[in-house]
Amino acid sequence: MSQHARPQDLRLTRRIDGKPRVVVTRRLLPETQRRMAELFDVTLNADDRPMSRQALRDAVAQAHVLVPTVTDAIDADLIAAAGPGLGLIANFGAGIEHIDLASARARKIIVTNTPGVFTDDTADMTMALIISVPRRLADGERVIREQTWEGWSPSSLLGHRLGGKMLGIIGMGRIGQAVALRARAFGMAVVYHNRHRLPPAAEAALGARYEADLDTLVRTADILSLHCPHTSETHHLINARRIAMMKRHAYVVNTARGELIEEAALIAALEAGAIGGAGLDVFAHEPQVDPRLRQLPNVVLLPHMGSATFEGRLASGDKVIANIRFWADGHRPPDQVIEGWA
């Protein structure tokens, strides 16, 4: 969600004479890179391979602005290696758990992100998984591709309908709310758990009911959908104990961060048939995917593509450019993140 700086944050701004030196860690859309080349003294990543640790250290040592993505660990050690010129980490994407905000603030380095641009894209992908796992779309597609379909049968490829089922949303920020709106259109009952309860008017607009106790939500939901950031508090939020609480035919969908789920416990439950299935767009050790997941028929696996739309990626690039320009002109960037955001 959007962050707003406190008054003391304004002292972190500076004005850059000439073009700021900008290092971008991954390949962005051509339109974004072309505009950056016009405005900044920019170093781009032509082959789109994740930068090595040493390459990142070299980047923060010489740049005014670093433009990282979720694949880059911008931790305390890396920030300590920053040169005196580094004043802005302009993250490409909304999630900032890969950036050590406390260390950046201690070095008077502003951090920005790109909130809101991927909300609908990620919600659409979440809804696609919510549909595809219970309705066994991957199984249906597989029998066509493998040429094993023997024709329509009243007892083959049976799944579960969505109408009347309870969707439990964990994390009711922008994306969680967008998923709630979509789920209501499919006739689902929406119940959510969040650190802070939404105002009554927002709940009414979304048709959602608040559940203060996460265990109760896990125990009663037909489908669980995760939409919270990965922090020390949410690490393995869905662990072995909570997975054991789920209904036998319940499903879990994760388009947020892989570390929210204790993956080994999830795999064990899926193998045992203790839960109905899972739809996963994110994994604990990306890009590695546990080979046991690939063998399971009751799982739909996607390669972290929830935000992969031309429109969203272009809008995110526009926000990055705007944040850099504001900062270089000596103004507070519009998407500044403050430590302790919620």
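Looking at an unreviewed UniProt entry, the protein carries the name Glyoxylate reductase, with the source organism given as Novosphingobium capsulatum. Of the comments in the UniProt record for the protein, the one headed Sequence similarities (unreviewed entry) reads "Belongs to the D-isomer specific 2-hydroxyacid dehydrogenase family."

Visitor: I keep staring at the environment of Arg 241 and nothing clicks. Help me out?
Guide: With respect to the helices, strands and loops of the structure, Arg 241 is situated in helix α10 (residues 240–245). According to the relative accessible area criterion, Arg 241 is partly exposed, its value standing at 43%. With 208 residues separating them along the chain, Arg 241 and Gln 33 place their C-alpha atoms 46 Å apart.

Visitor: Mind showing me how you'd approach the side chain of Asp 290 here?
Guide: Take Asp 290: it is sitting in the loop between β11 (277–280) and α12 (291–295). Looking at Asp 290, its side chain comes within polar contact range of the main-chain nitrogen of Arg 292, at 2.9 Å. In this structure, Asp 290 is in contact with Glu 263 and Ile 267, ignoring residues within four places of it in sequence.

Visitor: For this particular structure, what's the right way to read the nonpolar core?
Guide: What tends to happen in soluble globular proteins is that the nonpolar side chains get buried as a cluster. Within the largest apolar cluster, 32 residues are counted, with the highest numbers of intra-cluster contacts made by Ile 170, Leu 224, Ile 238, Leu 266, Leu 270 and Leu 280. Secondary-structure elements contributing two or more residues to this core are β6 (166–170), α9 (214–220), β9 (223–226), α10, α11 (263–272) and β11. If you tally residues by element for this core, the top one is α11, at five residues. The contact partners of Leu 280, leaving out residues within four places of it in the chain, are Leu 129, Asn 254, Ile 261, Leu 266, Leu 293, Val 299, Val 300, Leu 301 and Leu 302. Core analysis: the second largest hydrophobic core is formed by 26 residues, Ile 169, Leu 198, Tyr 251 and Val 253 among them.

Visitor: Explain the sheet that holds strand β4 (residues 88–90) to me, please; I cannot follow it from the model alone.
Guide: Spatially, the six strands line up as an open sheet ordered β2-β1-β3-β4-β5-β13, and their pairing is mixed. Among the strands making up the open sheet, the edge pair consists of β2 (41–43) and β13 (336–337). Examined bridge by bridge, strand β1 (residues 21–24) and β2 share three bridges and lie parallel to one another. The residue bridging Val 22 from the neighbouring strand is Val 42, located in β2.

Visitor: Looking at this structure, I do not really get the pattern of salt bridges. What am I missing?
Guide: Where charged atoms from two side chains of opposite charge come close, those side chains can pair. Per the counting criterion, the structure on display carries 18 salt bridges. Put simply, Asp 215 and Arg 241 hold a salt bridge, and the shortest N to O gap is 3.0 Å. Here the residue Asp 215 occupies a position in helix α9, and Arg 241 occupies one in helix α10, the gap between them amounting to 26 residues. On the basis of relative accessibility, which here comes to 14%, the residue Asp 215 falls in the buried class. Here Lys 319 makes a salt bridge to Asp 335, at a shortest N to O gap of 3.5 Å. One end of the pair, Lys 319, is in helix α13 (residues 310–328); the other, Asp 335, is in the loop between α13 and β13, and 16 residues separate them in sequence. Taking the relative accessible area as the measure of exposure, Asp 335 reaches 7% and is therefore buried.

So, how was this worked out
- Counting from 1, residues in each chain are numbered in the order their sequence is written.
- In view of the model being predicted, local features appear only for residues whose pLDDT reaches at least 70, and side-chain atom pairs are presented and counted only at 80 or more, with totals across whole chains, interfaces and linings using the full set of residues.
- No hydrogens and no water enter the side-chain calculation; it runs on all heavy atoms of the structure.
- UniProt positions are given in the numbering used here, feature names are shortened, and annotations may be inferred rather than shown by experiment.
- Helical segments are the DSSP runs of H or I of at least four residues, strand segments are the runs of E of at least two, and each set is numbered from the N terminus.
- For every residue, the accessible area obtained with a 1.4 Å probe (protein chains only) is divided by the maximum for its type, and the residue is called buried under 20%, exposed over 50%, and partly exposed between those limits.
- We define a polar contact as two N or O atoms separated by no more than 3.5 Å, with the added condition that, inside protein, one atom must be a possible hydrogen donor and the other a possible acceptor, whereas residues neighbouring each other in sequence contribute only through side-chain atom pairs.
- Every residue pair with non-hydrogen atoms within 4.5 Å of one another is taken to be in contact.
- In this text, buried Ala, Val, Leu, Ile, Met, Phe, Trp, Tyr and Cys residues form a nonpolar core when linked through side-chain atoms within 4.5 Å.
- Any two strands between which DSSP finds at least two bridges are classified as paired.
- Within this document, salt bridges are pairs made up of a side-chain nitrogen of Lys or Arg and a carboxyl oxygen of Asp or Glu, the two lying within 4 Å of each other.

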